[in-house]
Amino acid sequence: MDELREQIDECDDQIMTALDQRLKVVRQVADYKKNHNMPVKQTDRMDQLVKRLIDKFGDENLTDDFIAHLYGVIMEHAISLENETLS
Ligand SMILES: C=C(O[C@@H]1C=C(C(=O)O)C=C[C@H]1O)C(=O)O
C-alpha cells in the first residue's frame, strides 16, 4: 500500500509540474495577445484542444466527459490568469 501511494504521489508531482509549466506558457500567450490586440478567450482553440485530447487519450479511465470537465477547469483558470496578466 505505501509503495502504491508513493507511485500516486509521483504522478501528482508530475501533474503539478506539467500544469505549472503550462501556465507559464499561458502567460506568454497573454503577452502575445496583448501585443496583437487579440481576445483572451478563444473558444475555437479550446474546442479543438479538448477534441485532440479526447481523440488521443480517451479511454475507460480518461473518459470523454472527464477530459472535457478537467480541461474546462484548467482553461478557465488559464483565462483568469491571462486576464490578470493583462489588467
Ligand atoms: C492559452 C490560450 O488562451 C486561452 C486559454 C486556453 C488554454 O488554456 O489552452 C485556450 C484558449 C484561450 O481561450 C490560447 O489562446 O492559446
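Going by the structure above, here's the rest.
In this text the structure is predicted, and so the values were computed from the model without any measurement. (Residues numbered from 1 in each chain as written. Predicted model: local features only at pLDDT ≥ 70, side-chain atom pairs only at ≥ 80, totals over all residues.)

1. Digging into the overall build of the protein
Part 1 of the reasoning: Assigned secondary structure in the protein consists of 3 helices and 0 strands.
Part 2 of the reasoning: Its helices and strands in sequence order give the protein the pattern α-α-α, from N to C terminus.
Part 3 of the reasoning: Referenced to the eigenvectors of the C-alpha coordinate spread, the extents of the protein come out at roughly 50 × 25 × 15 Å.
Part 4 of the reasoning: A buried classification covers 3% of the 87 residues belonging to the protein. (Helix = DSSP H or I, 4+ residues; strand = E, 2+ residues; numbered from the N terminus. Buried ≥ 20, exposed ≤ 12 C-beta atoms within 10 Å, placed from the backbone.)

2. Some points on the site of the ligand
Part 1 of the reasoning: Contacts to the ligand come from Val26, Val29, Lys41, Gln42, Arg45, Met46, Leu49, Met75, Ala78, Ile79 and Glu82.
Part 2 of the reasoning: Mapped onto the shell around the ligand, the elements with two or more residues apiece are α1 (2-35), α2 (43-57) and α3 (64-86).
Part 3 of the reasoning: A class-by-class count of the residues in the shell around the ligand yields 7 nonpolar, 1 polar and 3 charged. (Near = placed C-beta within 6 Å. Nonpolar A, V, L, I, M, F, W, Y, C, P; charged D, E, K, R; others polar.)

3. A look at α1
Each full turn of the α-helix corresponds to 3.6 residues, which orients residues three or four apart in the same direction.
Part 1 of the reasoning: Between the first and last C-alpha of α1 there are 50 Å, a value that for 34 residues agrees with the 50 Å anticipated at 1.5 Å per step.
Part 2 of the reasoning: With 1 of 34 residues buried, α1 is to be regarded as a mostly surface element.
Part 3 of the reasoning: Looking one or two residues past α1, Asn37 carries a phi angle of roughly 50°, positive in sign. (Expected span 1.5 Å × (residues − 1).)

4. Some thoughts on the environment of Val29
Part 1 of the reasoning: Here Val29 shows up in helix α1.
Part 2 of the reasoning: Along the chain, Val29 and Val40 lie 11 residues apart, while their C-alpha atoms are 9.0 Å from each other.

5. A closer look at the packing of α1 against α3
Part 1 of the reasoning: Packing of α1 against α3 brings their axes to within 9 Å, and their N-to-C directions diverge by 50°. When the axes of α1 and α3 are compared, the pair comes out oblique. Classified by chirality, the crossing of α3 by α1 is right-handed. In this structure, α1 contributes Leu23, Val26, Arg27, Ala30 and Lys34 to the contact, and α3 contributes Ala78, Leu81, Glu82, Thr85 and Leu86. (Axes fitted to C-alpha atoms, helices over the stretch in contact; angles between N-to-C directions. Parallel < 35°, antiparallel > 145°, perpendicular 65-115°, else oblique. Left-handed = near helix turned anticlockwise from the far one by under 90°. Contact = placed C-beta atoms within 7 Å.)

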